[in-house]
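# Understanding the architecture of this molecule
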Amino acid sequence: MARASPQSNRQVNAKPGDVILYQGSRVTIYYGENSWNVTPLGHIGGVTGAGLREALKAGGGHVSVTFSLEGPRRDHAGVFDLERGSVRLNSGYTMPINSLGTYSLAWETCASAVKAALAHGVRLFDTASIYRNEAGVGQAIRESGVPREEIFVTPKLYPGSQYDHPEEAIQDALDKLGIGYIDMMLLHRPGRNDGKAYKAMEQAVAEGKICSIGLSNWYVKELEEFLPQVSITPALVQNKIHPFYRENDVIPYIQDLGIVVQGWYPLGGRGHTAELLGNEVISGIAEAHGKSSAQVILRWNLQKGVAVIPGSSNAEHIRENTELYGFTLSDAEMAQINALDRREKHD
């Protein structure tokens, strides 16, 4: 079964089982490898090039292929693959579960941080129009030499003129990034005309400009009011989550909808990071594992099924924030960190 996940026409290194739209009108299934400007539609799992060739031979050169439309596969969507550091979204795409947040990083500083992150294997970058650094993110990606299809970029639209004129705002983000298409676009927070802005993102998905869409700073009440208005279920909801504000009532609600949860400012945020990293419980757990407090906090998030976007311009901290997969917190350690909740959001 191939999930249809159309993206804009671009250079693709096709593999056996890939389903592509060729020359705008032909649906083609590859049984070999090829590199061409095509529109990817999906992939047939569990097949090999040899298997497809044998099927063609047995069928006298012809095989029958059935396509069908289906809703999000919630039985698989949202399950973290901690070995690969990724999660499958309900949109059918795969997203890294740890990344670099670029809030407060000015243009040149942002570009340098993105390049450092790419060098350390980071492949997801969170930005926004209000950060005024989308061009820096895009430049760093273009100059990195890392294939575009390996990178996942998430910009956001901000309430006000961007919600009032969302089509122009989406095109502005595409132009500033200059990377061909947007992997995920979010609405930054609830606001006037947020429904209008979301519907414009839905249209951009249909046009192949955006792959997945979601929301930031939407909680239970906001989601209950907003979701009946939209056609595409958000692939992701991004909220503030850290040990002093753990959101254990909101996270399961969102996950039960088949939506991935992502936490911004996972280390507490400016002015509060030192207190969180210096917490005795967290420091003790970190010492037991030979890890830093930051790594323990980020791992705690991942084991809760929360993707993380720590921000930094320090190359060493960026590297440290990627080393989250060689250890596991015990149930007792997870409970100890959960018990630190103070309902302190630190906006």
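An account of the accompanying structure is given in this report. (Residues numbered from 1 in each chain as written. Predicted model: local features only at pLDDT ≥ 70, side-chain atom pairs only at ≥ 80, totals over all residues. Heavy atoms only, no water.)

### With respect to the pattern of salt bridges
This structure, assessed with the given rule, holds 14 salt bridges. One salt bridge connects glutamate 143 with lysine 115, and the closest N-O pair in it is separated by 2.7 Å. With glutamate 143 in helix α3 (residues 134-144) and lysine 115 in helix α2 (residues 107-119), the pair connects residues that are 28 residues apart, well separated along the chain. A residue is classified by how much of its surface remains accessible, and glutamate 143, at 47% relative accessible area, is partly exposed. In this structure, the salt-bridge partner of arginine 319 is glutamate 316, at a minimum N-O distance of 2.0 Å. (Salt bridge = Lys/Arg side-chain N within 4 Å of Asp/Glu carboxyl O. Helix = DSSP H or I, 4+ residues; strand = E, 2+ residues; numbered from the N terminus. Buried < 20%, exposed > 50% of the residue type's maximum accessible area, 1.4 Å probe, protein only.)

### A short note on the nonpolar core
Grouped together as the largest cluster of nonpolar side chains are 52 residues, with contacts concentrated most on Val114, Phe125, Ile170, Leu187, Met201 and Ile210. For methionine 201, the residues in contact, after removing those within four places along its chain, are Leu157, Ile170, Met185, Leu186, Leu187, Ile210, Ile213 and Gly214. Counting 37 residues, the second-largest nonpolar core is a separate cluster that includes Val87, Leu89, Met184 and Ala307. (Core = buried A, V, L, I, M, F, W, Y, C linked by side-chain atoms within 4.5 Å. Contact = heavy atoms within 4.5 Å.)

### Digging into the environment of glutamate 134
Tracing the backbone through its elements, the reader meets glutamate 134 in helix α3. With a relative accessible area of 2%, glutamate 134 lands in the buried category. For the pair glutamate 134 and lysine 156, spaced 22 residues apart in sequence, the C-alpha separation works out to 9.9 Å. Leave out the neighbours within four places in its chain, and glutamate 134 touches Thr127, Ala128, Ser129, Pro155, Ala173, Lys176 and Leu177.

### Things to note about the sheet that holds strand β6 (residues 86-88)
Sheet architecture is open: 3 strands sit in the order β5-β6-β7, paired in antiparallel fashion. Single-partner strands in this sheet number two, and they are β5 (80-81) and β7 (94-96). Two strands pair when backbone bridges link them, and β5 and β6 are joined in this way by 2 bridges, in the antiparallel orientation. Note on β6: the bridge partner recorded for aspartate 81 is serine 86. (Pairing = 2+ DSSP bridges.)

### Quick look at the side chain of serine 292
Topologically, serine 292 is positioned in the loop between α10 (280-289) and α11 (293-303). Setting aside chain neighbours within four positions, we find serine 292 in contact with Ala286 and Glu320.

### Things to note about the layout of surface pockets
Counted as a void, the second largest pocket has a volume near 900 Å³. Lining the second largest pocket are 35 residues, with Tyr103, Ser104, Tyr265, Gly269 and Arg270 positioned closest to its centre. Counting residues per element, the ones that place at least two in the lining of the second largest pocket are β14 (236-240), α9 (273-277) and α12 (315-320). In the lining of the second largest pocket, the residues fall into 13 nonpolar, 15 polar and 7 charged. (1 Å grid on protein atoms, 1.4 Å probe; cavity = no way out; pocket = protein on both sides within 12 Å on 5 of 7 lines; lining within 4 Å. Points joined across faces, edges and corners; volume = space filled by probe spheres on them. Nonpolar A, V, L, I, M, F, W, Y, C, P; charged D, E, K, R; others polar.)

### A short note on the packing of α3 against helix α5 (residues 166-177)
At a closest axis distance of 7 Å, the pairing of α3 and α5 adopts a crossing angle of 45°. Between α3 and α5, the angle is such that the two are oblique. Facing α3, whose interface residues are Glu134, Ala135, Val137, Gly138 and Arg142, α5 presents Ala173, Lys176 and Leu177. For the contact of α3 with α5, the per-class residue count stands at 4 nonpolar, 1 polar and 3 charged. (Axes fitted to C-alpha atoms, helices over the stretch in contact; angles between N-to-C directions. Parallel < 35°, antiparallel > 145°, perpendicular 65-115°, else oblique.)

### A few points about the packing of α10 against helix α13 (residues 331-338)
Taken N-terminus to C-terminus, the directions of α10 and α13 make an angle of 155°; their axes are 9 Å apart at the nearest point. Relative to α13, α10 is oriented roughly antiparallel. In the packing of α10 onto α13, the handedness of the crossing is left-handed. Two secondary-structure elements touch here, α10 through Val281, Ile285 and His289 and α13 through Glu333, Gln336 and Ile337. Residues of the contact of α10 with α13, tallied by class, amount to 3 nonpolar, 2 polar and 1 charged. (Left-handed = near helix turned anticlockwise from the far one by under 90°.)

### Describing the packing of aromatic side chains
With the rule as written, the count across this model stands at 5 aromatic pairs. Seen in terms of ring centroids, tyrosine 103 and tyrosine 265 are 6.1 Å apart; in terms of plane orientation they differ by 75°. Their pairing is edge-to-face. A residue pair is termed long-range when its members are at least 10 positions apart, and tyrosine 103 in the loop between β8 (100-101) and α2 and tyrosine 265 in the loop between β15 (260-264) and α9 qualify at 162 residues. Looking at tyrosine 103, the relative accessible area reads 39%, which means it is partly exposed. (Phe/Tyr/Trp six-rings, centres within 6.5 Å; stacked < 30°, edge-to-face > 60°.)

### A short note on unusual backbone geometry
In this model, serine 104 sits at a positive phi of 75°, which is unusual for a non-glycine residue. Tracing the sequence through the fold places serine 104 in the loop between β8 and α2. In this structure, tyrosine 265 takes a positive phi of about 50° despite not being glycine. Here tyrosine 265 falls in the partly exposed class, since its relative accessible area comes to 23%.

### Points about the pairing of strand β12 (residues 182-187)
The side chains of a regular strand alternate, residue by residue, between the two faces of the sheet. With 6 of its 6 residues buried, β12 lies for the most part within the structure. Where strand β11 (residues 156-157) meets β12, 2 bridges bridge the pair, whose relative direction is parallel. Looking at β12, one finds that leucine 157 is bridged to leucine 187. The sheet contact formed by β12 and strand β13 (residues 210-216) spans 5 bridges and is parallel. Counterpart to methionine 185 in the pairing with β13 is isoleucine 213. Each parallel crossover has a hand, and for β12 linked through helix α6 (residues 194-206) to β13 it is right-handed. (Right-handed = clockwise from strand over helix to strand, strands pointing away.)

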